[in-house]
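Structural overview
If you want the building blocks of each chain, they are given just below.
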Amino acid sequence: MNALDGPQSALAPAGPEAHDIARTAWMLFGGAALIFVLVMVLVAIAISRRPRWLSSRSTVVVGGFLFPLVVLSALLVDSLLGVQPRLLASVVRPELVVEIVGEQWWWRVAYLDDREQPEFATANEIRVPVGVPVELRLKTADVLHSFWVPPLAGKLDMVPGRTNRFVILADRVGSWRGQCAEYCGAAHAHMALYVIARPASEFEQWRRGQRADASVAAGSHDAGRAVFEANCAVCHTVRGTDATGVRGPDLTHVASRTSIGAGVLPNDFSSFERWISSNQHLKPGNLMPAFDQLTQDELRSVAAYLADLD
Ligand SMILES: [Cu+2]
């Protein structure tokens, strides 16, 4: 891994759109470097020798007008021909449709079935099969957000009252991090998401698992479930139980996700405890109240319940 190859790097592209963008970025960088060197050489010549030709009319016309005109026009043509049509053409024939709603401050995710009805819901993470075009339908529940997973594609805003569509395609197995790219309030910087690309068979297996209701062995987690139903069910759904709230993320398979709190904490038992009791400290202003009044036993049992919802 080199310095450019992070999970959120636009210079480590993992899909066709991102490849185009990275190519354009390198071209701009290389071109700008060349021009910078050229200008510095001219400056050095101007200082040391003061030749006549440097201040002649033709140098000014060529260097100050024709050269930028040609370079900028070429860039314009390149970006119109190269990047933009891809972005538009990619809107055809997706094999999978995922709806993503920007919330304050997390991502609500729904996988749609063939009739475009929600099949199951998740949050802050999308899984996709490798090599398959996936259509994203981007909406917002409140203000402007912007969906940006740099290794896969450029940004697209989530605009109130609109559905913006675009297609991503992951050309290799991997896990990438994205982030809201439009300031949306205090915890905007804590609004991350993950895209995880897996081989088709593994993806299908995951999808089957997500479709299923929560499976918790009868008799286990009775105490945790009771705490959950008393305190959390107004806002959270756990399919297969009486918890059907929709204000917060669907928690049916919460333990199967990479992070909790939209990238704030890793996903494990102690993170659940910390999130539940001190989420307002971890992510100030978020729309879940902190449950610091729960007893140690209640906290532990509800965290253990969630950690088993995989
Ligand atoms: Cu934001």
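Residues numbered from 1 in each chain as written. Predicted model: local features only at pLDDT ≥ 70, side-chain atom pairs only at ≥ 80, totals over all residues.

So, on to the overall build of the protein chain. When its secondary structure is counted, the protein chain shows six helices and twelve strands. In terms of overall dimensions, the protein chain is more spread out than a globule: its C-alpha atoms have a radius of gyration of 25 Å, far above the 19 Å expected for 310 residues. Considering only C-alpha atoms, the protein chain reaches an extent of 90 × 40 × 40 Å along its principal axes. Scored against the burial criterion, the 310 residues of the protein chain give a buried share of 29%. Pairs at least 24 apart in sequence give 63% of the contacts found in the protein chain among residues at least 6 apart. (Helix = DSSP H or I, 4+ residues; strand = E, 2+ residues; numbered from the N terminus. Rg over C-alpha atoms; globule rule 2.2 N^0.38 Å. Buried ≥ 20, exposed ≤ 12 C-beta atoms within 10 Å, placed from the backbone. Contact = placed C-beta atoms within 7 Å.)

Attention now moves to the sheet that holds strand β9 (residues 174-179). Spatially, β4-β10-β9 is the arrangement adopted by the three strands of the open sheet, whose pairing is mixed. The sheet terminates laterally at β4 (125-129) and β9, the two strands that pair on one side only. The average angle at which neighbouring strand axes cross in this sheet is 20 degrees, direction not considered. In terms of strand pairing, β4 meets strand β10 (residues 192-198) through five bridges, oriented parallel. (Pairing = 2+ DSSP bridges. Axes fitted to C-alpha atoms, helices over the stretch in contact; angles between N-to-C directions.)

What follows concerns the domain arrangement of the protein chain. Per the domain assignment, the segments making up the protein chain are domain 1 (16-89), domain 2 (96-210) and domain 3 (222-307). Computed over C-alpha atoms, the centres of domain 2 and domain 3 are 22 Å apart. The set of elements that each furnish at least two residues to the side of domain 2 that touches domain 3 consists of β2 (107-112), β3 (118-123), β10 and α3 (200-211). Among the residues making up the side of domain 2 that touches domain 3, the classes are represented as eleven nonpolar, six polar and two charged. (Domains from an automatic or database assignment. Nonpolar A, V, L, I, M, F, W, Y, C, P; charged D, E, K, R; others polar.)

What the five strands build is an open sheet, ordered β3-β2-β1-β5-β8; its pairing is mixed. Only two strands of the sheet have a single partner each, and these edge strands are β3 and β8 (164-168). Put simply, the sheet's adjacent strands are angled 25 degrees from each other on average, direction ignored. Looking at chain direction, strand β1 (residues 96-102) and strand β5 (residues 134-140) are connected through seven bridges and run parallel. Bridge assignment links glutamate 99 to a residue of β5, and that residue is arginine 137.

Before going further, it helps to spend a moment on the packing of helix α4 (residues 222-231) against helix α6 (residues 296-307). The contact between α4 and α6 brings their axes to 7 Å, and the two run at 100 degrees. By the angle between their axes, α4 is roughly perpendicular relative to α6. Contact with α4, carried on its side by Ala223, Gly224, Arg225, Val227 and Phe228, involves Glu298, Ser301, Val302, Ala304 and Tyr305 of α6 and no other residues of that element. Here the contact of α4 with α6 is built from residues that sort into six nonpolar, two polar and two charged. (Parallel < 35°, antiparallel > 145°, perpendicular 65-115°, else oblique.)

Attention now goes to the nonpolar core. Core analysis: the largest hydrophobic core is formed by 57 residues, its most contacted members being Ile100, Leu152, Ile168, Val195, Ala262, Val302 and Leu306. Taken domain by domain, this core gets at least three of its residues from each of domain 2 (96-210) and domain 3 (222-307). Residues contacting leucine 306, with those up to four places away along its chain left out, are Leu251, Val254, Ala255 and Phe272. (Core = buried A, V, L, I, M, F, W, Y, C linked by C-beta atoms within 7 Å.)

A word on the packing of helix α5 (residues 269-282) against α6. Working note: a packed helix pair is described by the angle between its axes plus the distance between those axes. Relative orientation of the contacting elements α5 and α6 amounts to 125 degrees, with a least axis distance of 8 Å. Classified by the interaxial angle, the pair formed by α5 and α6 is oblique. In the packing of α5 onto α6, the handedness of the crossing is right-handed. Residue-level inspection shows Phe269, Phe272, Glu273, Ile276 and Ser277 of α5 in contact with α6, the latter providing Leu299, Arg300, Val302, Ala303, Ala304, Leu306 and Ala307. Classifying every residue of the contact of α5 with α6 gives nine nonpolar, one polar and two charged. (Left-handed = near helix turned anticlockwise from the far one by under 90°.)

Alignment of β1 against β2, held across six bridges, turns out to be antiparallel. If you follow valine 101 over to β2, its bridge partner there is arginine 108. Between β1 and β2, which pair antiparallel one after the other, the connecting turn spans four residues. Across five bridges, β2 lies against β3 in antiparallel orientation. Its bridge partner lying in β3, alanine 110 is registered against alanine 121. Between β2 and β3, which pair antiparallel in sequence order, lie five residues; one of them, glutamate 116, sits at a positive phi of approximately 65 degrees.

Burial of β4 is extensive: five of the five residues sit out of reach of the surface. With burial as the criterion, each face of β4 is covered, one bearing Glu125, Arg127 and Pro129 and the other bearing Ile126 and Val128.

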